[in-house]
Amino acid sequence: MSRDAAGRGPTVAFACDRCGRAIFAPVGDGPIDVGRCPGCGQEQPLRPAPQAGRLERCLCCGLDRLYVQKDFNRKLGLGIFALAALLSVPTWGLSLLAATILDAALYRLLPDVTVCYGCGAQHRGFRKSAAHGAFDLHVAESVAARARAVVIPESEQVRG
Ligand SMILES: [Zn+2]
Ligand SMILES: [Zn+2]
């Protein structure tokens, strides 16, 4: 898999099942990568990296339902507007206009992050797949319903 100009390879970020801390794992060229939790040291084996950097399935849970969103830091966005609001009186409101333009520019420049509907793992640095659209509540609900169905096996439901 080729690295981009900045030397950053694709990465996956997800929450540790044991302690809930965020684990960031680089996705390398090797067949299997392992993410190690910085909190408790738990190791989470990851699925093999996709061919040609095109992500088809979640690298944590293997689910094929993924959505794409902008990798936007909400705190940064709110900070820009809070600062603009403070400056709006001395600048006659021009700072708010500048913040709006800056926000729009940042949004265009920001990379995409591909998120798993099932486990919420965030995949960065992969090639965008046409199969993955914006977040869809209906898909999220169907994935949640399927997850519940897996928890209660059908045979148990019949007997119960
Ligand atoms: Zn942990
Ligand atoms: Zn997943």
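Please read all numbers here as calculations on a predicted model, not as lab measurements. (Residues numbered from 1 in each chain as written. Chains lettered and ligands numbered in written order. Predicted model: local features only at pLDDT ≥ 70, side-chain atom pairs only at ≥ 80, totals over all residues.)

### A short note on the overall build of the protein chain
Part 1 of the argument: A count of helices and strands for the protein chain gives four helices and seven strands.
Part 2 of the argument: When the helices and strands of the protein chain are listed from N to C terminus, the series reads β-β-β-β-β-α-α-β-β-α-α.
Part 3 of the argument: Classification of the 160 residues of the protein chain by burial places 17% in the buried group.
Part 4 of the argument: The long-range fraction of contacts in the protein chain, counting pairs at least 24 apart against all pairs at least 6 apart in sequence, stands at 51%. (Helix = DSSP H or I, 4+ residues; strand = E, 2+ residues; numbered from the N terminus. Buried ≥ 20, exposed ≤ 12 C-beta atoms within 10 Å, placed from the backbone. Contact = placed C-beta atoms within 7 Å.)

### Digging into the nonpolar core
The tendency in soluble globular proteins is for nonpolar side chains to be buried side by side.
Part 1 of the argument: Ranked by size, the top nonpolar core spans 18 residues in total, and within it Val12, Leu59, Cys60, Cys116 and Ala121 carry the most contacts.
Part 2 of the argument: When contributions to this core are tallied by element, the ones reaching two or more residues are strand S1 (11–15), strand S2 (22–26) and strand S6 (112–116). (Core = buried A, V, L, I, M, F, W, Y, C linked by C-beta atoms within 7 Å.)

### Regarding the confidence of the model for the protein chain
Part 1 of the argument: Confidence along the protein chain averages 83 in pLDDT terms, with 86% of residues attaining 70 or more.
Part 2 of the argument: pLDDT under 50 marks residues 1–7. Its contacts with residues more than four places away, or in other chains, come to six contacts. (pLDDT = per-residue confidence, 0-100.)

### Details of the pairing of S1
Part 1 of the argument: Residues Val12 and Phe14 point to one face of S1 and are all buried, whereas Thr11, Ala13 and Ala15, pointing to the other face, are not buried.
Part 2 of the argument: Bridge count for S1 against S2 is five bridges, and the pairing is antiparallel. Bridge assignment links alanine 15 to a residue of S2, and that residue is alanine 22.
Part 3 of the argument: A loop of six residues connects S1 with S2, the two strands running antiparallel in sequence, and glycine 20 in this loop sits at a positive phi of about 80°.
Part 4 of the argument: Across three bridges, S1 lies against strand S7 (residues 122–124) in antiparallel orientation. Its bridge partner lying in S7, alanine 13 is registered against glutamine 122. (Pairing = 2+ DSSP bridges.)

### Focus: the sheet that holds S6
Part 1 of the argument: On the basis of which strands lie adjacent, the open sheet formed by five strands has the order S2-S1-S7-S6-S5 and antiparallel pairing. Two strands lie at the open edges of the sheet, namely S2 and strand S5 (66–70), each paired on one side alone. Going from strand to strand, the sheet's axes swing by 25° on average, the running direction of each strand aside. (Axes fitted to C-alpha atoms, helices over the stretch in contact; angles between N-to-C directions.)

### Looking at unusual backbone geometry
Part 1 of the argument: One non-glycine residue with positive phi stands out, namely tryptophan 92, at about 55°.
Part 2 of the argument: With respect to the helices, strands and loops of the structure, tryptophan 92 is situated in the loop between helix H1 (74–87) and helix H2 (94–109).
Part 3 of the argument: Its 9 C-beta neighbours within 10 Å are what place tryptophan 92 among the exposed residues.

### Some points on the environment of cysteine 61
Part 1 of the argument: On the secondary structure map, cysteine 61 appears in the loop between strand S4 (43–45) and S5.
Part 2 of the argument: Here the alpha-carbon distance between cysteine 61 and cysteine 119, two residues 58 residues apart in the chain, equals 6.9 Å.
Part 3 of the argument: With near-sequence residues (within four places) excluded, cysteine 61 lies in contact with Cys116, Gly118 and Cys119.

### A few points about the environment of alanine 144
Part 1 of the argument: Position of alanine 144 among the secondary structure elements: in helix H3 (residues 137–151).
Part 2 of the argument: Residues alanine 144 and tyrosine 117 lie 27 residues apart in sequence; the distance between their C-alpha atoms is 8.4 Å.

### Considerations on the pairing of S6
Part 1 of the argument: Pairing analysis gives five bridges linking S5 to S6, with the strands arranged antiparallel. Opposite glutamine 69, over in S6, you have valine 113 as the bridge partner.
Part 2 of the argument: Between S6 and S7, which follow one another and run antiparallel, lie five residues, and glycine 120 among them has a positive phi close to 80°.

### Here we look at the packing of H1 against H2
Part 1 of the argument: Running from N to C, H1 and H2 point in directions that differ by 165°, and their axes come no closer than 8 Å. Classified by the angle their axes make, H1 and H2 are roughly antiparallel. For the pair H1 and H2, the sense of crossing is right-handed. Here Gly77, Ile80, Phe81, Ala84, Ala85 and Leu87 of H1 come into contact with H2, specifically with Ser95, Leu96, Ala98, Ala99, Leu102 and Asp103.
Part 2 of the argument: Looking at the contact of H1 with H2, its residues break down into nine nonpolar, two polar and one charged. (Parallel < 35°, antiparallel > 145°, perpendicular 65-115°, else oblique. Left-handed = near helix turned anticlockwise from the far one by under 90°. Nonpolar A, V, L, I, M, F, W, Y, C, P; charged D, E, K, R; others polar.)

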